[in-house]
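# Analysis of the macromolecular model
Each chain is listed here by its residues.
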Amino acid sequence: MLDDPGEGWAVVIDEVVRVFTPRKQAPVRALDGVSLRIPRGEVHGLLGPNGAGKTTLVKILSTVLLPTSGRAVVGGHDVVKATRRVKPLIGIVFGGERGLYTRLTGRQNLEYWGALYRLPSGEVRRRSDALLERVGLTDKASQRVETYSRGMKQRLHLARGLIGDAQVLFLDEPTTGMDPIAAREFRHLVIELKGEGRTILLATHDMVEAETVCDRVTLIDHGRILATESPRSLREMMSRFRRIDTEGADTALLDEIAAMAGVVAVTRADGGARIQVDSEDALRAALKMLVERGVTAVQTSLPSLEDVYVELIGERGLEV
Amino acid sequence: MHGVFTGIRLQIVFYRQYPDSFIPLMTAPLFTIIFLMIVRNAGRADLSPYAVVAPVFISLWWFALFHGGLVVQTDRWSQTLEMHVAAPTSFAAIVYGRILTVTAVGSLSFVEVWLVARYVLGAPVVIHHPWLLAATLVATAFAMAATALVMTSLFVLIRNAFTLANSISFPFYVLGGVLVPVALLPGWIQPLSKVVFLSWSADLLRASLAPGPVPDVGFRLAMIVGLAAAGFALAADLLRRVLRRIRVTGELSLR
């Protein structure tokens, strides 16, 4: 059980459990005692496979869903007991094609959602114009959303999430289906928002996104938190998966290295090889052997966040 | 009230962007012509008020069921429903505002039906009791709004909602005495019609188009208003159930 949240925490989650009981099916424990604190101004990634509990957690924090037990506080207000105080503080950006009125124009959508934040109409228009400019949709503002590309819709989603000047933003897989350039532009926007001091919870599958924009990342699976660290710290935790990428080592040498203590695996491909080790000693020993045998094309690296993800969550293929 | 006005504004914008929504207003005059031709060819010009009242209710009912009734469900399909739940403005207020607008637009059908009947077909449709007509139309509009509010939650809460929507119209036209007076129906059906506001509204509307005094005006208007109030109470309970399904059980989520 966490202490009462003090100043400085944008989001506090304390042993939150969420159980769904579908008709004629066994109960599903989507969140199983999740606890987490996110300080103000942090971009916090929530990484996990489909069905891990990311969207469920976002819905609880955004007051759409009630927790079965536990407590969550956003902006200093309990999401269950003080729902009305939470709502004006937050903005939600869901990914995907839906969540907008497609026959309305971009501006009409923004002005409507702005009105729901009880803003005066003049202020709604001013903010809508500013946000459309910011997300690069000014030229398309008077066109129906149904004519927008996927990336444009996603930018409009972000503008809609910001129309209430939210201090805490929940982004639920916002770049799903976007092309790499559009996704990169979106990430730039997220970094800008971080620079404005907003707190962002970013639920994502995208490792590049998590490593690029997140200050810390929480790995979640089957409703449980597996780890919460900065992306670099997570990778360093997996030091046993430090790697040596090499070229020009012959088969006999690689076989000798594979037999050394502390060498986890040797993977060969296209004239090169990747040597995985589980300790600094093994790394030094393998490098020494390579160099002594005249192999100079060597490079060491930490595992990628994807490697960490796969290692902690496991190879489940298409299984949910 | 902010939420209600926001809902009204949204629905007006929708009507501008979805002009096909006004199709029922185009069919109401056609129904008027059909029914008036029937009574005219039968040599029963005295039944002209019946022929005029029926298209009004058919149009209003259509607006209530297929516009108002689908407000929440279409938000669910477009995945804006959960966004509304998370927004600072009451979702219920938005829904009320949108449905009030739908009902007001549907009420325009009376104007066009009367104009077509009186000035296109030359039917002897005279408004003998204008204040009664106005009061009945207003009370009917509220009762129709209550019906739409009930339907908008019901369509989300039950399976096979569209089957229900497509099936219940004609039974309600019969029970409501919209074209054929309830007095001509089998005796065992008549008590059922008393709990359908359409029967009270249709009778009063026809009475406002007929000469001579209209008995029990206050009581009959009160029945329409009372049934509307019961409808609003039921609608409020059903909308609470919808919100409960979203927040407590998570059943209505599409993501």
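Everything discussed here concerns the structure shown above.
The rules behind each value
Residues numbered from 1 in each chain as written. Chains lettered and ligands numbered in written order. Predicted model: local features only at pLDDT ≥ 70, side-chain atom pairs only at ≥ 80, totals over all residues. Heavy atoms only, no water. Helix = DSSP H or I, 4+ residues; strand = E, 2+ residues; numbered from the N terminus. Buried < 20%, exposed > 50% of the residue type's maximum accessible area, 1.4 Å probe, protein only. Salt bridge = Lys/Arg side-chain N within 4 Å of Asp/Glu carboxyl O. Contact = heavy atoms within 4.5 Å. Buried area = accessible area lost by both parts, 1.4 Å probe. Polar contact = N/O pair within 3.5 Å; in protein donor to acceptor, adjacent residues only side chain to side chain. Nonpolar A, V, L, I, M, F, W, Y, C, P; charged D, E, K, R; others polar. Pairing = 2+ DSSP bridges. Axes fitted to C-alpha atoms, helices over the stretch in contact; angles between N-to-C directions. Parallel < 35°, antiparallel > 145°, perpendicular 65-115°, else oblique. Left-handed = near helix turned anticlockwise from the far one by under 90°.

## Quick look at the overall build of chain B
Along chain B, the regular secondary structure elements total 11 helices and zero strands. Going from the N terminus to the C terminus, chain B shows its helices and strands as α-α-α-α-α-α-α-α-α-α-α. Viewed in the frame of its principal axes, chain B has a C-alpha envelope of about 60 × 40 × 35 Å. Here chain B holds 255 residues, and 55% of them are scored as buried.

## Brief notes about the pattern of salt bridges
With the rule as written, the count across this model stands at 26 salt bridges over all chains. Two residues, B:Asp20 and A:Arg103, come together in a salt bridge whose shortest N-O distance is 3.6 Å. Here B:Asp20 is found in the loop between helix H1 (2-17) and helix H2 (23-41), whereas its partner A:Arg103 is found in the loop between strand E6 (90-94) and helix H3 (106-115) on a different chain. Look at the salt bridges and you will find they share partners, linking A:Arg134, A:Asp165, A:Glu192, A:Glu196 and A:Arg198 into a network.

## Notes on the interface of chain A and chain B
In this complex, chain A contributes 34 residues to the contact, which on the side of chain B involves 35 residues. Summed over both partners, the interface of chain A with chain B comes to about 3,100 Å²; 54% of that surface belongs to carbon and sulfur atoms. Among the ionic pairs, B:Glu82 bridges to A:Lys59, the shortest N-O distance being 3.0 Å. Here chain A is connected to chain B by 12 residue pairs in polar contact (both at pLDDT 80 or more). Within the residue set of the side of chain A that touches chain B, elements represented by two or more residues are strand E1 (9-20), helix H1 (54-61), E6 and H3 of chain A. Among the elements that take part in the side of chain A that touches chain B, H3(A) stands out by supplying four residues, more than any other. Grouping the constituent residues of the side of chain A that touches chain B by class yields 16 nonpolar, eight polar and 10 charged.

## Overview of the environment of A:Arg29
All names here are of chain A. With respect to the helices and strands, the residue Arg29 is situated in strand E2 (residues 28-39). With 203 residues separating them in the primary sequence, Arg29 and Arg232 have C-alpha atoms 31 Å apart. Contact partners of Arg29, with chain neighbours within four places excluded, come to Val17, Arg18, Val19 and His222. For Arg29, the side chain forms a polar contact with the side chain of Asp32, separated by 2.7 Å.

## Re the sheet that holds strand E11 (residues 242-247) of chain A
Residues and elements named next belong to chain A. Taken in spatial order, the four strands line up as E12-E13-E11-E14 in an open sheet, and their pairing is antiparallel. Every interior strand has two partners, whereas the edge strands, strand E12 (263-269) and strand E14 (297-301), have only one. Going from strand to strand, the sheet's axes swing by 15° on average, the running direction of each strand aside. Bridging between E11 and E14 involves five bridges; their strand directions are antiparallel.

## Concerning the environment of A:Gly75
Residues and elements named next belong to chain A. Here Gly75 is to be found in the loop between strand E4 (69-74) and strand E5 (77-78). The exposure class of Gly75 is partly exposed, given its relative accessible area of 21%. Measuring from C-alpha to C-alpha, the distance between Gly75 and Ser142 comes to 35 Å, with 67 residues separating the pair along the chain. Apart from the residues lying within four places of it in its own chain, the contact partners of Gly75 are Ala10, Arg40 and Leu89.

## Digging into the packing of H2(B) against helix H6 (residues 91-120) of chain B
Each pair of packed helices can be summarised by the angle the axes make with each other and by the distance between the axes. Residue and element names in this part refer to chain B. For the pair H2 and H6, the least separation of the axes is 9 Å and the interaxial angle reads 40°. By the criterion of interaxial angle, the relationship of H2 to H6 is oblique. As H2 packs across H6, the resulting crossing turns out to be right-handed. Of the residues in H6, those in contact with Leu25, Ala28, Pro29, Thr32, Ile33 and Leu36 of H2 are Val105, Gly106, Leu108, Ser109, Glu112, Val113, Val116 and Ala117. Considered class by class, the residues forming the contact of H2 with H6 number 10 nonpolar, three polar and one charged.

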